[in-house]
Every structure is written in C-alpha cells, then in structure tokens.
Amino acid sequence: MEAQNLQKGKRKRDTLSVREYYCYKLQMRNDDEDQILHTGRLLQQYSVDEYIKLETQRLDFVSFNQDLFRMGILQGLLNILRLGERDASNVRKQTFLPNSFIGGPRDMRQCYMDAITLVQRFGKPDLFITMTCNPSWTEIKEHLWSTDEAQNRPDLITRVFRAKIEELKTDILKQNIFGKVVAFMYTVKFQKRGLPHAHFLIILGNEHKLLTVEAYDDIIRAELPDDKAEPDSLYRRRNTGEVVKVREQYLHNSWVVPYNPYLLGKFNCHINVEVCSDIKVVKYLYKYICKGHEKIAFCVQNNNTNIEIDEVKEYRSARWVSPLEAVWRLFGFPISEMSPSVYRLQLHLEGQQFVSFKSNTDIHTIVNNSMIQKTMLTEFFYMNDTDEDAKELNLLYKEFPEYFVSSSSDKFWARRQKRCAVGRIVTCHPIEGERYYLRLLLLHVQGPTSYKDLLTVNGEPCSTFRESVEKRGLLHCDNSLIECMSEATSYQMPYSLRRLFATLLVYCGPANPRKLWERFEESMIEDYKVLQTIERREI
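The residue count restarts for each chain, going from 1 along the sequence in the order it is written. Per-residue local features of the predicted model are confined to residues with pLDDT of at least 70, and side-chain atom pairs are confined, for both listing and counting, to 80 or more; whole-chain, interface and lining totals are unaffected and use all residues. For side-chain calculations, the full set of non-hydrogen atoms in the structure is used, while hydrogens and water are omitted.

K.L.:
I'd like to hear about the overall build of the chain, residue by residue, with values.
P.N.:
Numbered from the N terminus, helices here are DSSP runs of H or I no shorter than four residues, and strands are runs of E no shorter than two. Scanning the chain from N- to C-terminus turns up 22 helices and 15 strands. Exposed residues in this analysis have more than 50% of their type's maximum accessible area, buried residues have under 20%, and partly exposed residues fall in between, with area computed by a 1.4 Å probe over protein chains only. When burial is assessed residue by residue, the chain has 43% of its 539 residues classed as buried. In this description, contact between two residues means that some pair of their heavy atoms is separated by no more than 4.5 Å. Considering only intrachain contacts with a sequence separation of at least 6, the fraction spanning at least 24 residues in the chain is 68%. The accessible surface values rely on the Shrake-Rupley method and a 1.4 Å probe; as for residues, cover is taken only from the protein chains in view. Put simply, the chain shows about 30,700 Å² of open surface, and 50% of that area lies on carbon and sulfur atoms.

Structure representation (structure tokens):
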C-alpha cells in the first residue's frame, strides 16, 4: 500500500486535523457505546465548543502567519528598495482576514461578486427555490433513540439535510426537471433557534426559459391540490370558495404559497418555488443570501487612519454560531456553491501587480524573482502573442477562462479540456484613473498582446490609456458609461451610485448626461423612495 501511495505521489499521513478528529467523534456507529450523541442539549453545547476550538485555531494561524498573506505592489517595493529599505517586515503591518477564510468579509464579497457575474453572463435567475429542513423526516426519526429529541441531534439533522440538498441538485441539474440549467448557485443559512434552510437560484437555458403563463403553471402551483390525486399535499392560495380543514382550522387558496407538486411530494418539507420576474428582486435575493456571517456585537469608530485595524479580532468578538452550523462546518460541508465556476481576473497597470512575500525575506530577493513578473494579465498578453489557438480565437480578457485554464503555481494558461468557467475582471472605480481606463480597454479590445498594444490605435502610439480609450471612441459613446453604471447597480447601494454618476460627469464627459440619469434614476433614488414610504406610514 505504501509503495502504491508513493507511485501516485501521495504521502501517507499519521496525523489528523482538529476537524477530522471531531468529525470522527460525531459519527453514528451501531456497536458504539459512546453516549456523546445522546446527551440532549449538552450535545449542542459540545458541538459549538468544538467548532469554536477549530475556528479559533484557524484564526490564530491567520494572526500569527500574516507573512503568508502579506502583499505589496511590485513598484512600491522597488521604490522602497531605492530608499535603502531591505527589511520586508516593515511593509504592510495591518492584520486582516484573507479571502480564503470562509465567512470573512473578503470571502463573502467575492462570492457575491461571482454570483453577480453569472447573472451578467447568463441573465437573471428564472427560479428561486427555498428548501427548509423537516425534523419529521423518516431518515431522522428512525435514528432517534426513545430519549432523543430532534433539536438535540444537530449531527443527524445536518447529515440528512445535506443528503436532501444533494438529491435536489441531482433532480434539478441532472434530471432537468425544470429544463436545462446553464448556471445555478445555492447558499445554506442557519437560523439562531431554528432549522437550516437552503436558497437556490436557477438560470435556465434559452430554450427552456419561462416566457408564458402556461409555462409557469406547468411547474408552479398556488392552489389547493386535488385531494384524490394528491392526498399528501398541504400547501394553499386564491380564494375560490374551496376550503380544507387543517389542524382544526378551515383554510382556503389564499393561504397557499407557490410550490412544485413533484418536489413537495418527494422531499416532504417546506420547499418554496418562485419565478424571478424582476432584476430588483434578484438583487435583493443576492444581498440577502450573501450578506455575511451572523454577528452579536459591533462598534463604530471615527475615520482615523492612525487606528490599527485587526480584522481577526473584530471577527472573533462578533461571531455567532449555532449548533447546526457548528456541526455542518465540522463535517466539512460547503456553505455555498455555484456553477459554472468564476475566474477572478487580475487587473493592474504595468509593474503595479500585487506580490506576496514573507517578512524575513530580503526585498532585493523578492523583486529579482522572475515569477513575480508573471500574472494572469501578463500571461494573457503572452498567450495572445505566441499561442496559435489564442490567436485564432481572438478573445476578450473576460472570455479567456472559457477556453483556457490558469495555473496559480506555475503561472501560465493552458487549453481547457472540460467543464466551463466564466471570467470576471475585478471591479474598478473611475477615480482610479489609468487603471479604470485599462479595464475599459480590456473589456472591448480583443486579443491584445501587451500594454503597448493597448496603447496603440490605428498604428499611432498613445501616451495614456485614457487617450487610447478616447481615440477608440469608447468615451464619446455613452455605451461604456452605461455598462459601468449597469454593473454598479447590480451590487452598489443608491448612495454609491450617485457618487459614481457624479464622478462620470466630472471625469468622463457623457454625451447625454440627462439620458444617462434617466436610465438609472430608479436605482439611484431607491433609498429616498423607501424613506418617503416610511414617512407616509408614520403620518
């Protein structure tokens, strides 16, 4: 066995991680005399304590190993080197949570932006599905002891609910019960004193879009079911005079929530199926399901640049964890998932890429490392200049991940063999100047081979990216500004949209400012409308 492991390049482990150990302890065994799973409410406290131990270990690792996440701009390091500084430990001392930490602000921000990218690529979601765990499921009841209560078995509830989610994914993605799915995402949420629930957003292919009332009625029901054909359905709506007696109460159709008879009958739980008909609803749903981890405390500070920010400490003091979430994370189940995957494409000016380094490394050694010169963007240029497939395809930067895959370790692009991916160029505000205009060029120029190539228009060199943008007619035409505002409306709040609009007026000179305002007026005054509604109610 050891020889086989060596042949496959695997290393035999003789240790377990904290998560793996507690995951092992929480497994059900037929001949196990350990009573830990049947200690009632003590199991809830035990699971939370063990998860906090695990997360504390991870947070301590982040705090004590900021070197692994220490980053600086390459040009900035060169400037520091010219000033005579050699010690890398004096660069960037702020303590922060990396984007690899699940539940951190950067992780949640990236997940949200990735979700928005899928909407921009494939269109608004067609279906919004909410699935809530049912403690009366047979799979749960048959494994409870006579002394057990469902709420005291978070291990059992999470395992069964996870299995149900996987089964629902199979029905939607492989069985295509709603039609061919081109993109989907789901997020699992945990109520403080309730059961877990999952939110699914489904985007269907063009040939399976729900475009008619009849198409809605084929998959969604909002009326009393036939008591003979569907004796097990309990959902209700629309008052037609029909009533049904439920728990000593007479209910009619107005009590029915939208549901799918097949899913309701199969999963026997609260599973709400709704059609997404407005992009505003989609925006609300995205912000809801990706709003971040639960908090029990927060503080407000003055905008003082001298205050040292410790994101690890802030996260540790504000987190709130339920027993169900604790067990879910101990089992290693994912909190969210989306398909196809989203590639986050780097954006930087020449020599302005971020590089990671350790504090005990000499700055001269860092800047002379040939690998730090390579990034997704520079290798994109290189592929367009040298690779025949890339030349033939002549792709935009954001289209490149659909045909090529990037190696983060070796820093090169290779032809994609399977699966699908969508590219997302990191966002950039117009006040960032040249970086913003570089992004604008990358969104419109196909197959560029270098920064110099982007600065060349009809054989004539330009001194700045803004000049290149102007000569290509991307600023005089309001389409680029409309695209900028459209992208921002999907994730920015009204206050930020108004500031962005003002910035575009000052720096970009739209041909028709009034038309641009009227197009996005609704999004920019959403907060004022809400305020007026509240004031009317108070009056």
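K.L.:
I'd like to hear about the packing of helix α3 (residues 41-64) against helix α11 (residues 311-318), residue by residue, with values.
P.N.:
A packed helix pair is summarised by two numbers, namely the angle formed by the two axes and the spacing between the axes. For the pair α3 and α11, the least separation of the axes is 10 Å and the interaxial angle reads 165°. In terms of orientation, α3 and α11 fall into the roughly antiparallel class. Regarding α3 and α11, the two cross each other, and that crossing is left-handed. Here E55, T56, L59, D60, V62 and S63 of α3 lie close against α11, whose contacting residues are V312, Y315 and R316. Of the residues belonging to the contact of α3 with α11, the class tally is four nonpolar, two polar and three charged. Angles shown run from 0 to 180 degrees and are taken between the N-to-C directions of axes, each axis being a line fitted to C-alpha atoms and, for helices, limited to the stretch in contact. Roughly parallel here means an angle under 35 degrees, roughly antiparallel means over 145, roughly perpendicular means 65 to 115, and every remaining angle is called oblique. Crossing handedness: left-handed means the near helix sits turned counterclockwise from the far one by under a right angle, and right-handed means the same turn made clockwise. By the convention adopted, Pro, Cys, Tyr, Trp, Phe, Met, Ile, Leu, Val and Ala count as nonpolar, Lys, Arg, Asp and Glu as charged, and the other residues, Gly among them, as polar.

K.L.:
Account for the environment of S406, with residues named and values stated.
P.N.:
Note on placement: S406 falls in strand β11 (residues 404-407). Among the residues examined, S406 registers a relative accessible area of 18% and is labelled buried. Remark: the alpha-carbon pair of S406 and F380, spanning 26 residues in sequence, is separated by 9.5 Å. Not counting residues up to four positions away in its chain, the partners in contact with S406 are Y343, M376, F412 and W413.

K.L.:
Lay out the pattern of salt bridges in plain terms, naming residues and giving numbers.
P.N.:
When a carboxyl oxygen of Asp or Glu lies within 4 Å of a side-chain nitrogen of Lys or Arg, that pair is called a salt bridge. All chains considered together, the criterion is met by 20 salt bridges. Close ionic contact of E467 with K471 constitutes a salt bridge, the shortest N to O distance being 3.3 Å. Here E467 and its partner K471 are both found in helix α18 (residues 465-471), four residues apart, which amounts to about one turn of the helix.

K.L.:
With reference to specific residues and values, describe the packing of aromatic side chains.
P.N.:
A pair of Phe, Tyr and Trp rings is counted when the ring centres sit within 6.5 Å of each other, with Trp represented by its six-membered ring. The angle between the planes then sorts it: under 30 degrees is stacked, over 60 is edge-to-face, the rest tilted. A full pass over the atoms with the stated rule returns 20 aromatic pairs. Measuring from ring centre to ring centre gives 6.5 Å for Y22 and Y46, while their planes differ by 75°; the resulting arrangement is edge-to-face. Residue Y22 is found in helix α2 (residues 18-25), and its partner Y46 is found in helix α3; the two are separated by 24 residues along the sequence. Of the residues examined, Y22 reaches a relative accessible area of 10% and is grouped as buried. Between Y436 and Y437, the ring centres sit 5.3 Å apart and the planes meet at 70°, which makes this aromatic pair edge-to-face. With a relative accessible area of 4%, Y436 lands in the buried category. On the accessibility criterion, Y437 (4% relative accessible area) is buried. The rings of Y343, F380, F381, Y397, F400, F404, W413, Y451 and F465 are connected pair by pair, giving a single aromatic cluster. It is R29 that lies over the ring of Y24; its NZ or CZ is 4.3 Å from the centre. Consider the ring centre and the ring normal. A charge sits over the ring if Lys NZ or Arg CZ is within 6 Å of that centre and within 35 degrees of that normal.

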